[in-house]
Amino acid sequence: MEQVGGEAKELAKTLIVDTIKEWYTYITNYKDNINQLLDKYNELDSHKKTLISKVDREKEDLRKPTKLTDDWLDKVKSIMEDDEELKQLVDKESRIRKDQCCFGRLHCNLHQRYEMSKAAEMNARKIEALINARPPESFITEPLSRSELKSIPTEFLTSLQSRVDLMEEILKNLRDDHVDIVGIHGMGAIGKTTLVKEINVNKGVRDHFDKSVIVEISEAPNIERIQDQIAEQLSMTSSLRDVHATDERAKRLYHSLKRHRKVLVILDNVWEKLDLSKVGIPHPHEKTQEFCCKLLLTSREENVCEVMGASPNNMFKVHILNEKESRQLFRARVGKKGQDENIEKRMLKKCGGLPLSIVALADLLRDQELSMWEDYAIDLEKQFSSSHGAIIGDANRLTYSILETSYKHIQSEEQKKFFMLACLFPLGSSIPVD
């Protein structure tokens, strides 16, 4: 029993001594631990600002933060908010030290100092581990995916400033209750469809209108197909399925649209005046206090916007991208860095500032080795294929040239045949792959 009692005393003695040592170490190292925490905190804050600055800069190249970056920033936010409370305690303790002195004239809260010193050391270690785990330079951002680029979110349009400004002007007109019809015109492949698709999902538009529908018209408009597109977006496909008389279908669509107080109808790719009543779209001039139908249309020709009722003040021309915007869109889409800028410049010159041409070129080069880019540049600089020159308009020559080069470099004959077969379907058709 005496032996057991002696061992217990020794153990208790050891624990007491170790506890006292720990207390003494943390209390005497209080200043060093607090200073180390503040240094690590400031270092982490500096790394965070540098990373955020890089992300913001690369948004101009239509790049986005990687998941690794987002996760790291979330952890930084969490730990810095936690340590903000500790920093406040440190500041408070610093003010107290100016007026009080330990072991001297006034009492010093040793327990609080021990807790703070220990917490400071632990948090400094956590921050150091987080600093060491920050994303490598090459993994901070990544290109937007192809699906994301089909309708570029407004936050990524900062590089395409011409499109940002144009979109803001159009949205301003759509919100104006005195404007009934807005027209957008410009050559083919200039980006009109991308613009109206982005407008259709814009939060401001969704908030202002109770319902919006977007319809592809095409060069040879098919009234029944146009009606089907509207019906699908109004969730009334089943009610038109067995109705084939276009006038009856138009009547049902008209009454369905009139159930909403504010409606935006977007007609994309209009080639000639379209009779809205035959489709079942209420005319914008039918506006009352209880109902409003606003029309937004795109066309290659300015006069089509005029005959559809858009006034000169409410018509907007979409211009080609400048050299900087062309380069930024191309680099974001192709997803590569370190390419030969001279070759890039030569190829982009052939795109003529047309977004569709730039996107088609980038998609063509996306999976190609950089060493192959020279071959594509030479192909694009050759004389335009003369056999089709007579039937391809000047506005489409640049786009056609890109697509022709893309087609010629398809390795699989089966893919070439499928491509040609798909071209036989009318614009906007649903192609049965089987």
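The structure presented is a predicted model; accordingly, all values stated were derived computationally and were not measured.

Of the regular secondary structure elements, the protein holds 19 helices and seven strands. The 434 residues of the protein split such that 40% are buried. Residue pairs at least 24 apart in sequence account for 75% of intrachain contacts in the protein once pairs closer than 6 positions are excluded. Within the structure as shown, the protein displays about 25,400 Å² of accessible surface, and the carbon and sulfur contribution to it stands at 51%.

Right, let's get into the side chain of Asn269. Positionally, Asn269 belongs in the loop between strand 5 (262-268) and helix 12 (276-279). Engagement of the side chain of Asn269 in a polar contact is seen with the side chain of Trp271, the distance being 2.9 Å.

Here we come to the pattern of salt bridges. Enumeration according to the criterion identifies 17 salt bridges in this entry. For Lys49, the salt bridge identified is with Asp45, shortest N-O distance 3.2 Å. Taken together, the positions of Lys49 and Asp45, both in helix 2 (residues 30-58) and four residues apart, correspond to about one turn of that helix. Glu341 is paired through a salt bridge with Arg331; the nearest N and O atoms lie 3.7 Å apart.

Another point: the pairing of strand 3 (residues 181-185). Most of strand 3 is tucked away, with five of its five residues classed as buried. Side chains of strand 3 alternate between two faces, with Ile181, Gly183 and His185 and Val182 and Ile184 buried alike. In terms of strand pairing, strand 3 meets strand 6 (residues 292-299) through five bridges, oriented parallel. In the strand pairing of strand 6, Ile184 is matched with Thr298. Sheet topology places strand 3 next to strand 7 (residues 315-317); three bridges connect them, and they run parallel. Of the residues in strand 7, the one forming a bridge with His185 is Lys317.

Turning our attention to the nonpolar core. With 29 residues, the main nonpolar core has Ile230, Val265, Leu267, Ile281, Leu295, Leu297 and Met308 as its most contacted residues. For this core, the secondary structure elements donating two or more residues are strand 4 (211-216), helix 9 (223-233), helix 11 (246-257), strand 5, helix 12, strand 6 and helix 13 (302-307). Ranked by size, the runner-up nonpolar core spans 22 residues in total, among them Ile184, Leu195, Ile214 and Phe316.

What follows deals with the packing of helix 15 (residues 341-351) against helix 17 (residues 373-381). With their axes 9 Å apart at the nearest point, helix 15 and helix 17 run at an angle of 30° to one another. For the crossing formed where helix 15 meets helix 17, the hand is left-handed. In this structure, helix 15 contributes Ile343, Arg346, Met347 and Lys350 to the contact, and helix 17 contributes Trp373, Glu374, Tyr376, Ala377, Ile378, Leu380 and Glu381. Residues belonging to the contact of helix 15 with helix 17 are distributed by class as follows: seven nonpolar, no polar and four charged.

Relative to the assigned elements, Met236 resides in the loop between helix 9 and helix 10 (237-240). What makes Met236 buried here is its relative accessible area of 10%. Residues Met236 and Ser256 lie 20 residues apart in sequence; the distance between their C-alpha atoms is 8.6 Å.

Another aspect to go through is the confidence of the model for the protein. Of all residues in the protein, 79% have pLDDT values of 70 or greater, and the mean over the chain is 80. Every residue in residues 150-156 scores below 50 in pLDDT, and together they form 20 contacts with partners more than four places removed in sequence or on other chains. Counted against residues more than four places away or in other chains, residues 385-391, with its pLDDT under 50, gives four contacts.

Here we take up the environment of Val304. Here Val304 shows up in helix 13. On a C-alpha basis, the gap between Val304 and Val270 in space is 7.4 Å, while along the polypeptide they are 34 residues apart. Not counting chain neighbours up to four residues away, the residues in contact with Val304 comprise Val270, Trp271, Glu272 and Ser299.

Next up on the list: the packing of helix 6 (residues 161-175) against helix 7 (residues 192-200). Contact pair helix 6 / helix 7: the axes reach a minimum separation of 11 Å and the direction vectors enclose 50°. When the interaxial angle is binned, helix 6 and helix 7 end up oblique. The handedness of the crossing between helix 6 and helix 7 is right-handed. Here helix 6 contributes Arg163, Leu166, Met167, Ile170, Leu171 and Leu174 to the contact with helix 7, which in turn contributes Leu195, Glu198 and Ile199. Its residues placed into classes, the contact of helix 6 with helix 7 shows seven nonpolar, no polar and two charged.

What follows is about the side chain of Asn173. Take Asn173: it is sitting in helix 6. In this view, Asn173 contacts Val179, Val182, Lys294, Asn313, Asn314 and Phe316; residues no more than four positions away in its chain are not counted.

Okay, the sheet that holds strand 5 next. Sheet architecture is open: five strands sit in the order 4-5-6-3-7, paired in parallel fashion. Across the chains shown, the open sheet's two edge strands, defined by having one partner strand only, are strand 4 and strand 7. When the angles between neighbouring strand axes are averaged without regard to direction, this sheet yields 15°.

Buried within helix 15 are the following residues: Ile343, Glu344, Met347, Leu348 and Cys351. The buried residues of helix 15 all sit within an arc of 125° when viewed along its axis, so they share a single face. Exposed side of helix 15, more than 90 degrees from the buried face: Lys345 and Lys349 are the residues found there. Backbone geometry just downstream of helix 15 places Gly352 in the positive-phi region, at approximately 60°.

Considering all chains together, one arrives at two aromatic pairs under this definition. Ring geometry for Phe330 versus Trp373: centroids 5.9 Å apart, planes at 75°, classification edge-to-face. Placement of Phe330 in helix 14 (residues 323-334) and of Trp373 in helix 17 is noted, with a sequence separation of 43 residues between them. Accessibility classification places Phe330 together with Trp373 in one group, the buried group. With 5.6 Å between their ring centres and 35° between their planes, Tyr407 and Phe419 make a pair best called tilted. With Tyr407 in helix 18 (residues 394-408) and Phe419 in helix 19 (residues 413-422), this pair connects stretches of sequence that are twelve residues apart. Judged by its relative accessible area of 27%, Tyr407 falls in the partly exposed class. Given the relative accessible area of 37%, Phe419 is considered partly exposed.

Rules behind the numbers
Residues numbered from 1 in each chain as written. Predicted model: local features only at pLDDT ≥ 70, side-chain atom pairs only at ≥ 80, totals over all residues. Heavy atoms only, no water. Helix = DSSP H or I, 4+ residues; strand = E, 2+ residues; numbered from the N terminus. Buried < 20%, exposed > 50% of the residue type's maximum accessible area, 1.4 Å probe, protein only. Contact = heavy atoms within 4.5 Å. Areas by Shrake-Rupley, 256 points an atom, 1.4 Å probe, with all protein chains shown as cover. Polar contact = N/O pair within 3.5 Å; in protein donor to acceptor, adjacent residues only side chain to side chain. Salt bridge = Lys/Arg side-chain N within 4 Å of Asp/Glu carboxyl O. Pairing = 2+ DSSP bridges. Core = buried A, V, L, I, M, F, W, Y, C linked by side-chain atoms within 4.5 Å. Axes fitted to C-alpha atoms, helices over the stretch in contact; angles between N-to-C directions. Left-handed = near helix turned anticlockwise from the far one by under 90°. Nonpolar A, V, L, I, M, F, W, Y, C, P; charged D, E, K, R; others polar. pLDDT = per-residue confidence, 0-100. Parallel < 35°, antiparallel > 145°, perpendicular 65-115°, else oblique. Arc of directions from axis to C-beta. Phe/Tyr/Trp six-rings, centres within 6.5 Å; stacked < 30°, edge-to-face > 60°.

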